[in-house]
Amino acid sequence: MLTLRERQINAIKQILNLNSQQPKALAAEPVWKILIYDRVGQDIISPIISIKELRELGVTLHVQLHSDRDSIPDVPAVYFCLPTEENLDRIQQDFSNGLYDVYHLNFLAPITRSKLENLAAAALHAGCVANVHRVYDQYVNFISLEDDFFILKHQQSDQLSYYAINRANTRDEEMEALMDSIVDSLFALFVTLGNVPIIRCPRNSAAEMVARKLEKKLRENLWDARANLFHMDATQAGGGVFSFQRPVLLLLDRNIDLATPLHHTWSYQALVHDVLDLGLNLVYVEDEPGAAATGARKKPKACDLDRADRFWITHKGSPFPTVAEAIQEELESYRNSEEEIKRLKTTMGIEGESDIAFSLVNDTTARLTNAVNSLPQLMEKKRLIDMHTKIATAILNYIKARRLDSFFELEEKIMSKQTLDKPLLDLLRDPEFGQAEDKLRLYIIYYICAQQLPEAELERLREALQAAGCDLSALAYVQRWKALMNRSPGISQATQYEGGGTRTVSMFTKLVSQGSSFVMEGVKNLVVKRHNLPVTKITEQVMECRSNAETDDYLYLDPKLLKGGDVLPKNRAPFQDAVVFMVGGGNYIEYQNLVDFIKQKQTSNVNRRIIYGASTLTNARQFIKELAALGSEIQAPAAS
């Protein structure tokens, strides 16, 4: 069974094969072509297909649509972009300039009839109708970051951000357009998966708007005999990603949980995203601070964290100390292999012509040949070890400078309702303790998770934050949000976090004894107890179809029914597969939590799967900015 990411890669490879199925025998020599994409197309391709793979698919040149391009005759030009007015104008310009001899137009979203007519008129006017070979609607307008994780937008993602959805003065038509773009991408996702989902979501939320629109779109497509994109899921067994059972699409609103996106984290991937701004599986790491002393300022180095990286795949969900130890072990094993080759080289210089020496040389030659053959793998291993050492060292410096381990431990305690060793006020007042932004995150989590707090105490904490140099505009919004949430039935913010709590295990024995490059002094080796975040709890209840005060009221929409109600039918079998989608921004913390949860649920005969998706991917710094912007809107009328 193919994963979501593999299916998207196959769809894009087919576009690059000029939408023709290539017979296996002829695959040796690809058709050379050029690829022209807009920013959205670039974001979709870059995390899943490397430049080397593009070359193998026959792409000799890949350029931005809105860049100055020279005419290149005799090669097909494959366009991969959204059918926006701006893009179509540029394509018409290319027609009239006669840039290419063969055009293959692939639009990331369906193009409307009127736009298509305008494009045809332009081609006629430019006299290049015969040169336009194919025009396709493609359904790939989402970005696969992992096999089971997708987002909708990367560049210009603020169009779909939490701020855009929740700000006060959004006009109705802006909101409609925003919801439509989410729905179009989700529709494309299910066309790629080849399944029609059953939709569940909380009522009276942005998620409900998306759910109703998506159901309508899916239903119209299913009942349209000519244009039905899902006809294969009945005829081709196993045609879809999921088994015969239909998946459940759980649409959630970011408002159900504002604490998790602000939570300090301890797992490798989430830390890379939190402190180093991981984007589209690329992260830029500054060189060592020592290098700056020489005067020449180096450019940050790009590190690509992709599927081919075995270490990353194994350890992206591990706690940071485990990762540091694993890097150390990889380094040891690499050094041993290197030693082996050196030792073989010296053995080759055996003196004497005796038979023993001769047989030894023969034996050693075989071993040396073997070792030399394994050199490329060794070099690649060395490159990956160096890259992860660089990333981990950068993270480690941040952990020490900002005391991230202590923040993480404190927040886990707050979420699991344990008492703190030291009053929060003292910590916020301590100038040595972390940056202003970290303190603000800690305070907001404390505020969300606490039941009843006396106003005087909150005032003192806020003063301490202000003294630390925090921008407090986000608090006005969080306050209003908490008041609204406490009114809604079934959700008490304070009780939905269980937090795993942590325990500190003995210090990094391996790292200390082996003279590692990681200086771990002063960093706690925290082990996190497994626990479910609010999103994971809701997912479990929805997949199990258990009766529960919180999820019973969720809408139940089935696009395959002609007249569907929106209530959960009685004794519905549990779902094996789920797509969990967060309207208003997701994060790696929730993704990792769902991955851990579903791993526990696997049994020998039941394979369950969850795909996590979000309109955008935000780290805590970006999320604080959005909350601050929403807070300033609340404060502004009061000030005026």
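Residues numbered from 1 in each chain as written. Predicted model: local features only at pLDDT ≥ 70, side-chain atom pairs only at ≥ 80, totals over all residues. Heavy atoms only, no water.

As recorded in an unreviewed UniProt entry, the protein chain goes by the name Protein sly1 homolog, listed as coming from Drosophila busckii. Per its UniProt entry, the protein chain bears the Function (unreviewed entry) comment "Non-vital for development." If you open the UniProt record of the protein chain and go to Sequence similarities (unreviewed entry), you find "Belongs to the STXBP/unc-18/SEC1 family." (UniProt positions renumbered as here; feature names shortened; annotations may be inferred.)

Novice: Whenever I open this one, the overall build of the protein chain confuses me. Can you help?
Specialist: Across its full length, the protein chain holds 24 helices and 16 strands. In the protein chain, buried positions account for 52% of the 640 residues. Taking as baseline every contact in the protein chain between residues at least 6 positions apart, the subset at least 24 positions apart corresponds to 80%. With an accessible surface of roughly 30,000 Å², the protein chain has 53% of that area assigned to carbon and sulfur atoms. (Helix = DSSP H or I, 4+ residues; strand = E, 2+ residues; numbered from the N terminus. Buried < 20%, exposed > 50% of the residue type's maximum accessible area, 1.4 Å probe, protein only. Contact = heavy atoms within 4.5 Å. Areas by Shrake-Rupley, 256 points an atom, 1.4 Å probe, with all protein chains shown as cover.)

Novice: How should the packing of helix α15 (residues 375–402) against helix α16 (residues 404–415) be read in this particular structure?
Specialist: When two helices pack together, their arrangement is given by the angle between their axes and by how far apart the axes lie. Direction vectors running N to C along α15 and α16 enclose 70°, while the axes themselves pass 6 Å from each other. In this view, α15 runs roughly perpendicular relative to α16, as classed from their interaxial angle. The segment α15 lies against α16, with Tyr 398, Ile 399 and Arg 402 engaging Leu 404, Asp 405 and Phe 407. Partitioned by chemical class, the residues of the contact of α15 with α16 number four nonpolar, no polar and two charged. (Axes fitted to C-alpha atoms, helices over the stretch in contact; angles between N-to-C directions. Parallel < 35°, antiparallel > 145°, perpendicular 65-115°, else oblique. Nonpolar A, V, L, I, M, F, W, Y, C, P; charged D, E, K, R; others polar.)

Novice: What exactly am I supposed to notice about the packing of aromatic side chains here?
Specialist: Geometrically, a pair of aromatic rings is defined through the distance of the ring centres and the angle of the planes. Tallied over the entire structure, the rule returns 19 aromatic pairs. A centroid spacing of 6.0 Å and a plane angle of 70° characterise the contact between Tyr 100 and Tyr 103, whose relative ring orientation is edge-to-face. On the basis of relative accessibility, which here comes to 2%, the residue Tyr 100 falls in the buried class. With relative accessibility at 1%, the residue Tyr 103 sits in the buried group. Between Phe 149 and Tyr 612 the ring centres are 5.3 Å apart and the planes differ by 45°, which places this aromatic pair in the tilted class. Separated by 463 residues along the polypeptide, Phe 149 in strand β7 (residues 149–151) and Tyr 612 in strand β16 (residues 609–614) bring together distant segments of the chain. With relative accessibility at 0%, the residue Phe 149 sits in the buried group. (Phe/Tyr/Trp six-rings, centres within 6.5 Å; stacked < 30°, edge-to-face > 60°.)

Novice: Got a minute to help me understand the pattern of salt bridges in this structure?
Specialist: Note on pairing: side chains with opposite charge can pair once their charged atoms come close. Scanning the entire structure with this criterion turns up 37 salt bridges. For the salt bridge of Asp 558 with Arg 246, the shortest nitrogen-to-oxygen distance reads 2.7 Å. You can see Asp 558 sitting in the loop between β14 (555–557) and β15 (577–583) and its partner Arg 246 sitting in the loop between α9 (232–235) and β9 (248–253), a full 312 residues away along the chain. Here the salt bridges do not stand alone but share partners, grouping Asp 274, Arg 402, Glu 437, Asp 438, Arg 441 and Arg 621 into one network. (Salt bridge = Lys/Arg side-chain N within 4 Å of Asp/Glu carboxyl O.)

Novice: Hey, could you run me through helix α1 (residues 4–16) in this one?
Specialist: One turn of an α-helix holds 3.6 residues; hence residues three or four places apart share an orientation. Its 13 residues place the ends of α1 19 Å apart at the C-alpha level, agreeing with the 18 Å of an ideal helix rising 1.5 Å per residue. For α1, the complete set of buried residues consists of Leu 4, Arg 5, Arg 7, Gln 8, Ile 9, Ile 12, Ile 15 and Leu 16. Just downstream of α1 lies Leu 18, where phi reads positive at about 60°. (Expected span 1.5 Å × (residues − 1).)

Novice: Please clarify how the layout of surface pockets should be interpreted in this entry.
Specialist: In this structure, the largest pocket encloses a volume near 1,200 Å³. Lining the largest pocket are 49 residues, and of these Ser 46, Pro 47, Gly 279, Leu 280 and Leu 282 lie nearest its centre. When grouped by side-chain class, the residues that make up the lining of the largest pocket number 19 nonpolar, 14 polar and 16 charged. (1 Å grid on protein atoms, 1.4 Å probe; cavity = no way out; pocket = protein on both sides within 12 Å on 5 of 7 lines; lining within 4 Å. Points joined across faces, edges and corners; volume = space filled by probe spheres on them.)

Novice: I keep staring at the sheet that holds strand β8 (residues 198–201) and nothing clicks. Help me out?
Specialist: What links the strands of a sheet is backbone hydrogen bonding, and the strands pair in either a parallel or an antiparallel sense. Read from one edge of the open sheet, seven strands run β6-β7-β16-β15-β9-β8-β14, paired in mixed fashion. The open sheet has two edge strands, β6 (143–146) and β14, and neither has a second partner. When strand polarity is set aside, the average angle formed by the axes of neighbouring strands in this sheet is 20°. Pairing of β9 with β15, which is carried by six bridges, proceeds in the parallel orientation. Bridged to Leu 250 within β15 is Val 580. (Pairing = 2+ DSSP bridges.)

Novice: Looking at this model, I keep getting lost on the nonpolar core. Mind explaining?
Specialist: Among soluble globular proteins, nonpolar side chains are generally buried collectively. Membership of the largest hydrophobic core comes to 94 residues, with the highest contact counts inside it found for Phe 80, Val 272, Ile 391 and Ile 395. Counting residues per element, this core draws most heavily on α15, which supplies 10 residues. Here Ile 395 is in contact with Tyr 268, Leu 271, Val 272, Val 275, Leu 276 and Phe 320, once residues within four sequence places are set aside. Formed by 42 residues, the second largest nonpolar core is a distinct cluster that contains Leu 410, Cys 449, Ala 464 and Leu 475. (Core = buried A, V, L, I, M, F, W, Y, C linked by side-chain atoms within 4.5 Å.)

Novice: Which parts of the structure should I look at to understand the sheet that holds strand β3 (residues 72–81)?
Specialist: Reading across from one edge, β2-β1-β3-β4-β5 is the order of the five strands in this open sheet, with parallel pairing throughout. Every interior strand has two partners, whereas the edge strands, β2 (59–64) and β5 (132–137), have only one. Between one strand axis and the next, the sheet turns by 20° as a mean value, whatever way the strands run. The sheet contact formed by β3 and strand β4 (residues 100–107) spans seven bridges and is parallel. Within the sheet, the bridge partner assigned to Ile 72 lies in β4 and is Tyr 100. Against the sheet, α1 makes contact with β1 (33–37), β2, β3 and β4, and its axis sits at roughly 150° relative to β3, the strand it touches most.

Novice: Would you explain the confidence of the model for the protein chain in this entry?
Specialist: A low pLDDT means the predicted coordinates there should not be read in detail. Considering every residue of the protein chain, the mean pLDDT works out to 87; 87% of them sit at 70 or more. Throughout residues 233–239 the model reports pLDDT below 50, and contacts reaching past four residues in sequence, or to other chains, amount to seven contacts. Note on residues 506–515: pLDDT under 50 across the span, and 19 contacts to partners over four residues away in sequence or across chains. (pLDDT = per-residue confidence, 0-100.)

Novice: Sorry, what's going on with the packing of helix α10 (residues 268–276) against α15 here?
Specialist: Here α10 crosses α15 at 65°, and the two axes come no closer than 10 Å. Taken as axis vectors, α10 and α15 run roughly perpendicular relative to one another. The two elements α10 and α15 meet at a crossing, and its hand is left-handed. Of the residues in α15, those in contact with Tyr 268, Leu 271, Val 272, Val 275 and Leu 276 of α10 are His 388, Ile 391, Ala 392, Ala 394, Ile 395, Tyr 398, Ile 399 and Arg 402. The residue inventory of the contact of α10 with α15, partitioned by class, reads 11 nonpolar, one polar and one charged. (Left-handed = near helix turned anticlockwise from the far one by under 90°.)

Novice: Explanation requested: α10 in the structure shown.
Specialist: Most of α10 is tucked away, with nine of its nine residues classed as buried. For α10, the full list of buried residues reads Tyr 268, Gln 269, Ala 270, Leu 271, Val 272, His 273, Asp 274, Val 275 and Leu 276. Trailing α10 by a residue or two, Asp 277 shows a phi angle of about 60°, which is positive.

Novice: Looking at this model, I keep getting lost on the pairing of β6. Mind explaining?
Specialist: Regular strands place side chains that alternate from one sheet face to the opposite one. As defined by bridge partners, β6 adjoins β7 across three bridges and the pair is classed as antiparallel. Residue Ser 144 lies in a different strand from β7, and its bridge partner there is Phe 150. In this antiparallel pair of consecutive strands, β6 and β7, the connection spans two residues.

Novice: Quick question: what am I supposed to make of empty space enclosed by the protein here?
Specialist: By rolling a water-sized probe across the atoms, one finds the places where empty space is left. With the rule as written, the count across this model stands at six cavities of 30 Å³ or more. Reported here for the largest cavity is a volume of approximately 90 Å³. Taken together, 13 residues make up the lining of the largest cavity; nearest its centre are Ala 270, His 273, Asp 274, Ile 589 and Asn 619. Taken together, the elements giving at least two residues each to the lining of the largest cavity come down to α10 and α23 (588–601). When residues of the lining of the largest cavity are assigned to their parent elements, the largest contribution, three residues, is made by α10.

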